[in-house]
Each structure stands twice: as structure tokens, then as C-alpha cells.
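Structural description and commentary
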Amino acid sequence: MSVPTQGTKWNPMGVPSPSQHQTAERLHAAVAAKPQGVAAEAASGARSGPPWEKTNKITPSLSRTDLRRLAYGRRAESRKILVRHAGGETLGFEPIKLPRCARCGQPVDTGVGVMTNGEKARFTGTMLCGSIWACPTCSAIIRHERAHEVALAIGNHAEKLRKAAADQWQAEHEGQRLPPELMVSDSFGNYIFGTLTLRHDRTMPLAMTLDAILKGWTKMINGSPWQRASERWKIRGFVRAIEITYGVNGWHPHIHFVMFLDGDLDDGQREAMQQWLLDRWKTMVKRVAKAYKKKDGNPYNVAPNDEHGIDLQFKSGKDAGTAAAEYITKIQGDKGGVTLAQEIARGDIKDGRMGSVNPFQLLDSGCLGLSDFQREDLWLEYWQATLRRRCITWSRGLKEDMEVEELEDEELAEKADELPGLVGYVVPNRVYKDIRKSAPETLADALDAAEREDWQEVARLLPGGVILTDEQQDAIADGEAKPGDYLPTMSVMV
Ligand SMILES: [Zn+2]
């Protein structure tokens, strides 16, 4: 029932293959002919592109293929652990009752489509869980989108400050030409990049330390003392993110924040602010941790000492935008400046010499020399402790002030994953589900092949499906058909 289109081999020289041209041209034609739906979005450029497009700087050391294979593999491992935790895939097993992050990538339609625009590819007819904490695929998408929000806010903040300065100058120098430094916003804006940590050791449950930093932070940034501090040090608002690592001293959750200031601070103010923040932080985390008792009945000692509790870096100018975006969302590099991808790429992490790993690395067999049982226990502890917690938050009003759209993590993941393209192949749910569980990296390979428009290869990797004709692709793009409609009836029934 299908007419296979001509398969093309990947061209390592980077010259677009004939069929890549073909898709691009057909998309352009569609855009020109029909300014609505998918085509309109492609034409307007309003969509945010897939995350990797913007993150070359953040993840330079692993290829997109490597990262995608790694993420799909880890997602399957997490699913396996959570399924086992839910009692295993035995009689009476109901996938619907699994935690949402264990269902990520699950088919939700009659067939799974493989879509590409000739450059990027994705699956259609599957769900995304939207978990920033526990999903190796969604987390990357969401964090990168959040990074762009921070960069955007910093750009807008700088421009507002420039405009205010320019208006004031003009009021004082009527009829004169604006000086060049007031024409560009590059030098405007003052920020603090900060880290707050706890004293931690192996006996402390993550649920307690995470609670201490989250509630400690909330207590710190509320009430009249904070209000006075904000006025004194010109704090307009902040973005704060939680980072969690695991190492020889157990769980180590900590806070990264970027504060937006309305002006610069001198050395004396900087010192005073640092001391004030540290003192208040210590008081608050101690107060929260009091609710938790050790086995001997004593409270945990979580208050950090003066050397390690706080780190502040003062930054200014527009360049701070990229740096802040990475600071808030690079996450998982305990040494600062070390990116997730670099950590993954470095073999030394695996044998524990580096001392700490990010939670997703706990899904890699042999991580830190832990046994599979230990890794699973830790992953479950992490998953439970982070459930329904907020990872990245903005101070009240700051997003609105900086003209950044309010979107929930799930909406953001969906939005980032949207791609104006054509579905070139459809695979039966049964086949896709099986591969998603047992050979998840194959899904990444299939997307690679789809990006090269090598549909024969896609069909080889995800067997039992149908390579779609141009007419069928168009019918799906126009919303007249679903990919599953082109599967032989038998394969849809299963
Ligand atoms: Zn997910």
C-alpha cells in the first residue's frame, strides 16, 4: 500500500542530498502556498527551535547523536527502575499508573511517526513527560529553554536601563546628540551570580537536605529584613535554580541564583551583602533542618561554615546574559564551568575520582563504582525527593518586568519539541514500544537517519512500518490523515 521513496545515503561532506533539497523545497512551497498551521509557523520563525540548535556553546564536547543516544538509554534505564519499583511488568501491570516520567516517549496515537524538516527530526504521536528533574530527555530540553529565558531577561534588563539613562540624558541636554555609549545597551546591567550550599554528609537523606535548601531559600527571601536588604543593595529580582549532585559525601543539593541589580555596588556594599546573606542563609537552613532528627535524636548539622556556605560573583554588562544562562541551567558541574556534556564525556567521572556525579549519571551502569542495587536505590530516592518540587523559579514580577513569557515545564517541553516538518515514516506502536524499552539508543539512530532522509535506514532500524509517499506526507501535514492511517490494519490492532 505504500510506494517507498528513494532512499539516499548520508553525505559526509555536508552537501545536501537531493532529497534534503526536496524536503526543503517542498516545505518552502507549502509555506508560500498556505500561510496557516504548520507552514505559517515555519514561515513566521516564531517557534523556538530544537534545544540543540542553541546549545552548541553549552555542550561542545559531545555530538548531538551521542547526547541523544545517552538520553534515550538513560530514560529507558529510569523507566526500568520505576517499573520494578511499581511491582514489575507482571500480570495486572498498568502502565497508566506508572509515574509520568516513566511514561515519557510512550505512543499516544495509532502509530508513531518519524518527522523531519531535512535538518532536525523527532517522533510524533508520542508523549513527553516534561520532568525537569527525572527525565533525561525532557530535562535537557527544558533547561535549555529556561537558559534562553534568563538570557532574554538580561538583554531586556540592559535595554531598559539604557533607555532610562538615555531619556534622562536627553532631558538634561535638550537638542544635543545622544553620546554613543547611551545608544547601545551592552554595558548596562549589574548582576550577582551566587551559590548557597549546606554542610552535608552520607547520613543525610536527600529529602531533608533538599527541603532545607528550598524552605531555607523561601524564608530567606521573604519578610521585612529581605525587603530592606533588597532596597539597600538595589535587588530588582532573581532567578534561582537547584542543582543536585551525588558523591563521596552523599547528596549535595545546592542553590544557584542570578540577582538582577538596579545599579552597581562598591566593595564595602559587596562585603556587607555577602555576610548578611550568609548569616541569614545559615539561620534559615538550621531552622528548617530542626524538624528532622537523626537516629540518636539529635538534629542534623546542616549550617555551612563561612568558607563554603556562599559564593558571590559580581558581573555587569550584556555579556552576563550568556554566562548567567549557563550558570543557572548548565547545572551538574560541581566545579563551576564544567558542563553536563563534558562531565559525561570524561571517563574519570565514572570511576569516582572526580568525587561527584549528576543524578542522571546514576543511570549509567558502573557509575562511581556503585552496584546496580545501590544505583537504583539512589535513583529512586532522588526521584521521590524531587517529585513536585520546583527546580527553577523567578522572584515575583521579574518575568513580567523583563518581558519573559510564563510557561510551565510541560508546556515548554512540548513547545520546544514542535518542529515544522514532514512525517516520512510510520512505525507500529508495538515495534516502537519494544525498541524504546530494549534498545533505546536505536531511537536516536533512527532520528539521525531521518535527518539524512535515509528512510530505508529508518525502516531497517524500526522495522514493520511504512515509508510514506509525498502525497501521504502532505495529507498528514494538512491534518487530513494521521501517520497510523497508513499502517496495515493488522499492525495497528496489536
Ligand atoms: Zn520526558
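The structure under discussion appears in the preceding block.
Throughout what follows, the structure given in this document is the object of discussion. Just so it is clear, the structure is predicted and the values come from calculations on it, not from any experiment.

Within this structure, the stated rule accounts for 24 salt bridges. Between E410 and R100 there is a salt bridge whose closest N-O contact spans 3.7 Å. Of the two residues, E410 is situated in helix α14 (residues 409-417) and R100 in the loop between α4 (64-85) and β1 (112-116); the sequence distance between them amounts to 310 residues. Residues joined by salt bridges that share partners form a network here, namely E77, K80, D372 and R375.

Let's shift gears to the coordination of the zinc ion. Donor atoms from the polypeptide that coordinate the zinc ion comprise C104 (SG), C129 (SG), C135 (SG) and C138 (SG), at 2.2 to 2.4 Å from the metal. For the zinc ion, the four donor atoms in the first shell make angles of 101 to 114° at the metal, a pattern classed as tetrahedral. Read N to C, the donor residues that coordinate the zinc ion are spaced as C-x24-C-x5-C-x2-C. Here the residue C104 occupies a position in the loop between α4 and β1, and C135 occupies one in the loop between β2 (121-124) and α5 (136-172), the gap between them amounting to 31 residues. The same class applies to C104 and to C135, which are both buried.

To continue, consider the sheet that holds strand β9 (residues 422-427). One open sheet accounts for four strands, arranged β2-β1-β9-β10; its pairing is antiparallel. Sheet topology places β2 and β10 (466-467) at the edges, where each strand pairs with a single neighbour. With five bridges joining them, β1 and β9 adopt antiparallel strand pairing. Within β9, the residue paired with V112 across the bridge is V427. Most of the contacts of helix α15 (residues 429-438) go to β9, to which it runs at about 85°, and overall it touches β1, β2 and β9.

Below, the discussion takes up the nonpolar core. Within the largest apolar cluster, 89 residues are counted, with the highest numbers of intra-cluster contacts made by W217, M220, F257, V258, M259, F260 and W281. Not counting the four nearest positions on each side in its chain, V258 is found in contact with I154, Y191, I192, F193, G237, F238, V239, A324, Y327 and I328. Counting 21 residues, the second largest nonpolar core, distinct from the first, contains V114, A121, A444 and L461.

Below, the discussion takes up helix α18 (residues 470-477). Of the positions making up α18, those classed as buried are Q472, Q473, A475 and I476. Burial along α18 is one-sided: seen end-on, the buried residues are contained in an arc of 160°. With its phi angle positive at about 80°, G479 sits one or two positions after the end of α18.

Taken as a whole and judged by the stated rule, the model has 10 aromatic pairs. Taken together, a centroid distance of 5.4 Å and an interplanar angle of 35° make the contact between W217 and F257 tilted. Of this pair, W217 sits in helix α6 (residues 206-220) while F257 is found in strand β5 (residues 250-261), placing the two residues 40 residues apart along the sequence. Exposure class is identical for W217 and F257. Each is buried. Considering the side-chain rings of W379 and Y382, the 5.3 Å spacing of their centres and the 35° angle between planes classify their relative orientation as tilted. Linking W379 with Y382, this pair stays in helix α12 (residues 372-386), spanning three residues, or about one helical turn.

Turning our eyes to something else, we now look at empty space enclosed by the protein. Remark: the empty space left among the atoms is shown by a probe the size of a water molecule rolled over them. As enumerated under the stated definition, the model contains one cavity of 30 Å³ or more in all. The computed volume of the largest cavity comes to approximately 60 Å³. Elements supplying a minimum of two residues to the lining of the largest cavity: α4 and α15. No other element matches α4, which puts four residues into the lining of the largest cavity. Looking at side-chain class alone, the lining of the largest cavity contains six nonpolar, no polar and five charged residues.

Approximately 1400 Å³ is the volume found for the second largest pocket. Among the secondary structure elements, those contributing two or more residues to the lining of the second largest pocket are α5, α6, α7 (223-232), β4 (235-247), α12, β8 (392-394), α13 (398-401) and α14. The class makeup of the residues in the lining of the second largest pocket is 20 nonpolar, 12 polar and 18 charged.

Interaxial distance between α5 and helix α9 (residues 320-329) falls to 8 Å at its minimum, and their mutual angle equals 145°. Seen along the crossing, α5 lies across α9 with a hand that is right-handed. Contacts from R143, R146, A147, V150, A151 and I154 of α5 reach α9 at A320, G321, A324, A325, I328 and T329. Residues belonging to the contact of α5 with α9 are distributed by class as follows: eight nonpolar, two polar and two charged.

In this section: a positive patch on the surface. There is a patch of like positive charges on the surface, built from K219, K286, R287, K290 and K293. Tracing the chain through its elements places K219 in helix α6.

It is worth spelling out the pairing of β9 at this point. Of all six residues in β9, six are buried; the element is thus mostly enclosed. Where β9 lies against β10, two bridges are found, and the strand directions are antiparallel. Within β10, the position partnered with Y425 by the bridge is I467.

So, how was this worked out
Numbering of residues begins from 1 in every chain and follows the order in which that chain's sequence is written. For a predicted model such as this one, the threshold for reporting local features is a pLDDT of at least 70, and the threshold for listing and counting side-chain atom pairs is 80 or more; totals across whole chains, interfaces and linings nevertheless cover every residue. Think of the side-chain values as coming from all heavy atoms in the structure, minus any hydrogens and water. Salt bridges are defined as contacts in which a side-chain nitrogen from Lys or Arg sits within 4 Å of a carboxyl oxygen from Asp or Glu. Only runs of H or I of at least four residues qualify as helices and only runs of E of at least two qualify as strands under DSSP, and these elements are numbered from the N terminus. Here a donor is an N, O or S atom found within 2.8 Å of the metal, or within 3.2 Å if the metal is Na, K or Ca; sites may look incomplete because water is not among the atoms. Between 85 and 135 degrees for all angles marks four donors as tetrahedral; over 155 degrees for opposite donors together with 65 to 115 for all other angles marks four donors as square planar and six as octahedral; every other arrangement is irregular. Accessible area is worked out with a 1.4 Å probe on protein chains only. A residue is then buried under 20% of its type maximum, exposed over 50%, and partly exposed in between. DSSP-based pairing: two strands are paired if at least 2 bridges between them are found. In what follows, residue pairs with any heavy atoms lying within 4.5 Å of each other are defined as contacts. To obtain each axis, a line is fitted to C-alpha atoms, and for helices this fit is confined to the stretch in contact; angles are then taken between N-to-C directions over 0 to 180 degrees. Each nonpolar core is a collection of buried residues, namely Ala, Val, Leu, Ile, Met, Phe, Trp, Tyr and Cys, held together in the definition by side-chain atoms within 4.5 Å. Taken from the helix axis, the directions to the C-beta atoms give the arc we talk about. Any two of the Phe, Tyr and Trp rings considered here, Trp counted by its six-membered ring, make a pair once their centres fall within 6.5 Å; the pair's planes then place it as stacked at under 30 degrees, edge-to-face at over 60, or tilted in between. Grid points spaced at 1 Å over the protein atoms alone were grouped into cavities, where a 1.4 Å probe fits but cannot get out, and pockets, open sets with protein on both sides within 12 Å along at least five of seven lines, with lining residues defined by an atom within 4 Å of a point. Grid points are joined across faces, edges and corners, and a volume is the space filled by probe spheres set on the points. Each residue is assigned to one class: nonpolar for Ala, Val, Leu, Ile, Met, Phe, Trp, Tyr, Cys and Pro, charged for Asp, Glu, Lys and Arg, and polar for all the others, Gly among them. Should the near helix be turned anticlockwise from the far one by less than a right angle, the crossing is termed left-handed; should it be turned clockwise, right-handed. Only residues whose relative accessible area exceeds 30% and that form no salt bridge are eligible for patches; like-charged ones are grouped when within 9 Å, while nonpolar side chains (Val, Leu, Ile, Met, Phe, Trp, Tyr) are grouped when within 5 Å. Areas reported here follow the Shrake-Rupley algorithm with a probe of radius 1.4 Å; residue values treat only the protein chains shown as occluding. Asp and Glu are treated as the negative residues and Lys and Arg as the positive ones, with His and the ends of the chain left uncounted. All charge positions are set by atom: Lys at NZ, Arg at CZ, Asp at CG, Glu at CD.

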